[in-house]
Amino acid sequence: MALTAKMVVDKDFIISKIDDRMYGSFIEHLGRAVYGGIFEPGHPTADANGFRQDVLELIQKLNVPIIRYPGGNFVSGYDWKDGVGPVSERPRRLDLAWRTVEPNLIGMNEFATWARSAGAEVMWAINLGTQGVEDARQVIEYANHPGGSYWSDLRIQHGYEQPHRIKTWCLGNEMDGPWQIGQKTADEYGRAAAEAAKAMRWVDPDIELVACGSSYLGMPTFAQWEATVLEHTYEHVDYLSLHQYYGNAEQDTATFLARSLQMDQFIDSVTAICDYVKAKKRSKKTMKLSFDEWNVWFHTLESDKQIEPWQVAPAQLEDIYTMEDALVVGCMIISLLKHSDRVGMACMAQLVNVIAPIMTETGGAAWAQTIYYPFMHASLYGRGNALIPLVHSPKYDTKEITDVPYLEAIAVHNEEHNEITIFAVNRHLTDSLSLLMDVRSFGEVALIEHLVMEHEDLKAVNTANLQAVSPHAGGNARVEARSVTASLAAASWNVIRLKIHS
């Protein structure tokens, strides 16, 4: 019997307007993300400052609005002062987070300049591991104050007369993790974050601040950590962070494709904790969420343990992504969009070489991994209002996750362009899925295109020489009497774009 799913898309069933920063990313001083990734002096495409233009072009196609930097675990041992001033005078430091040597060839000024060329704002993470309130006060003065003070004048002396005007700041990173330099209890971190937030806002009242949630859902500190941290920081910060990665080390594809349901539950749980603290404090403010680390990550967990320590920019966390991974990334994006009323920002971790959509060869090519494409599609076409997806789909069970719909989908209405985009994944591994969508509330619509990503081998990957997994415009969606029908191929990512005529 053929699989059939139905979906109602109504223009008035609005979840929220999607913040453009939902499509952010992340670059850490880790592996070849910076050195050999975005920055490689002597590369045939490098500009006068050493930044690879082939990589920049791939990033620009993603239309990434914000990039989190400089970490990550790296930031808890990082002194930002090491990365400013004359490059020849910058120290080489041991990075204890990743057991490498950091040459500090790139720092705040260079990265902020590069980010502008990529069309992105910077989300700066401060060090609340080995540093504290005084360092937080200094770094924001250096970055954002116009001039006439010690740290702002030092920036000007370094050749950057105009302030960087960094708006978004992370108050540390994964501070409950035992792997973190300066690991803290929830009370210790909450107090430190609140005091840093106060000082930073006194320097620049227009910033927005992100407090650290638990490092990931499986942490024994989860939930109590969030509640305690928010007790201290609720009126001082604008966002609470979430981090989550998924993998398929067990080679159980059906379960792997269902992981985004756990992501839904994670977001719902953190939202509930935020609202509990709001009620307890009788606050009028609703806390937003910053899902500032998310991706598939598991391919290199064992091999990376063999890396010789204390190298400069060794190849670390260079997961090579499959068609299967791209489907999970697509489902995770849909999960974020379903929660766009609370998730105001998100950062795919990371951007180049390190668990990334873009890979490079030293001195050679740059190319798009499989996960590049669903992220690009969402960034390009997922702007506007996210609509509540009324989905009726057959389901399946795994040993770990039950009631998994074969159809995972969301619709986005871009009023400015008079377009509707449906993002849809068929989780069935062998059968196509017939989809009927009711779009009558929009009046007359016409098909723009139906993009599809599929491959007979779910383990297929892209390389510098072969884009084996990439989207094509050969989908079979069609419009009939204010409804849309389509056959979604087995294990496929689909983007159905519609033009509204009336």
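Just above, that's the structure.
Worth saying up front: this structure is predicted, and the values here are computed from it rather than measured.

**Q** I keep staring at the sheet that holds strand β15 (residues 385-387) and nothing clicks. Help me out?
**A** Two orientations exist for strands paired in a sheet by backbone hydrogen bonds: parallel and antiparallel. In space, the 6 strands of this open sheet follow the order β2-β15-β19-β20-β25-β22, with antiparallel pairing throughout. In this open sheet, the two strands that pair with only one neighbour each are β2 (14-17) and β22 (445-453). With direction set aside, neighbouring strand axes in the sheet form an average angle of 20 degrees. Bridging between strand β19 (residues 407-414) and strand β20 (residues 419-426) involves 8 bridges; their strand directions are antiparallel. Directly across from His413, in β20, lies its bridge partner Ile420.

**Q** It is not clear to me how the packing of aromatic side chains should be interpreted in this structure. Could you clarify?
**A** To describe a pair of aromatic rings, you give the distance between the ring centres and the angle between the ring planes. Following the criterion strictly, the structure yields 19 aromatic pairs and no others. Ring centres of Phe111 and Trp114 lie 5.5 Å apart, and the angle between their planes is 40 degrees; this geometry places the pair in the tilted category. On the criterion of helical spacing, the pair formed by Phe111 and Trp114 is a turn pair, its members being 3 residues apart in helix α2 (residues 108-117). Grouping residues by exposure puts Phe111 and Trp114 together as buried. Within the aromatic cluster, the residues linked to one another by ring pairs are Tyr35, Phe39, Phe51, Tyr69, Phe111, Trp114 and Trp124. The ring of Phe26 has Arg68 sitting right over it, with the charged end atom 4.6 Å from the ring centre.

**Q** Can you help me understand the sheet that holds strand β16 (residues 390-392) in this one?
**A** Pairing is mixed across the open sheet formed by 5 strands, whose spatial order is β16-β1-β21-β24-β23. Edge strands, defined here as strands with exactly one partner in the open sheet, are β16 and β23 (478-480). Between one strand and the next, the sheet's axes are offset by a mean angle of 20 degrees, whatever the strand orientation. With 3 bridges connecting them, β23 and strand β24 (residues 483-488) associate as antiparallel partners. Within β24, the position partnered with Val479 by the bridge is Val484.

**Q** How should the nonpolar core be read in this particular structure?
**A** Nonpolar side chains in soluble globular proteins generally cluster together in the buried interior. Formed by 155 residues in total, the largest nonpolar core has its most connected members in Trp114, Trp124, Trp169, Leu171 and Trp294. Broken down by element, this core gets its largest block of residues, 11 residues, from helix α9 (residues 323-338). In this structure, Trp124 is in contact with Tyr69, Pro70, Tyr78, Trp80, Met108, Val139, Ile166, Thr168, Trp169 and Cys170, ignoring residues within four places of it in sequence. In terms of nonpolar packing, the next biggest core, distinct from the first, is built from 11 residues, Phe26, Val75, Met345 and Ala349 among them.

About the criteria used
- Residues numbered from 1 in each chain as written.
- Predicted model: local features only at pLDDT ≥ 70, side-chain atom pairs only at ≥ 80, totals over all residues.
- Heavy atoms only, no water.
- Pairing = 2+ DSSP bridges.
- Helix = DSSP H or I, 4+ residues; strand = E, 2+ residues; numbered from the N terminus.
- Axes fitted to C-alpha atoms, helices over the stretch in contact; angles between N-to-C directions.
- Phe/Tyr/Trp six-rings, centres within 6.5 Å; stacked < 30°, edge-to-face > 60°.
- Buried < 20%, exposed > 50% of the residue type's maximum accessible area, 1.4 Å probe, protein only.
- Lys NZ or Arg CZ within 6 Å of the ring centre and 35° of its normal.
- Core = buried A, V, L, I, M, F, W, Y, C linked by side-chain atoms within 4.5 Å.
- Contact = heavy atoms within 4.5 Å.

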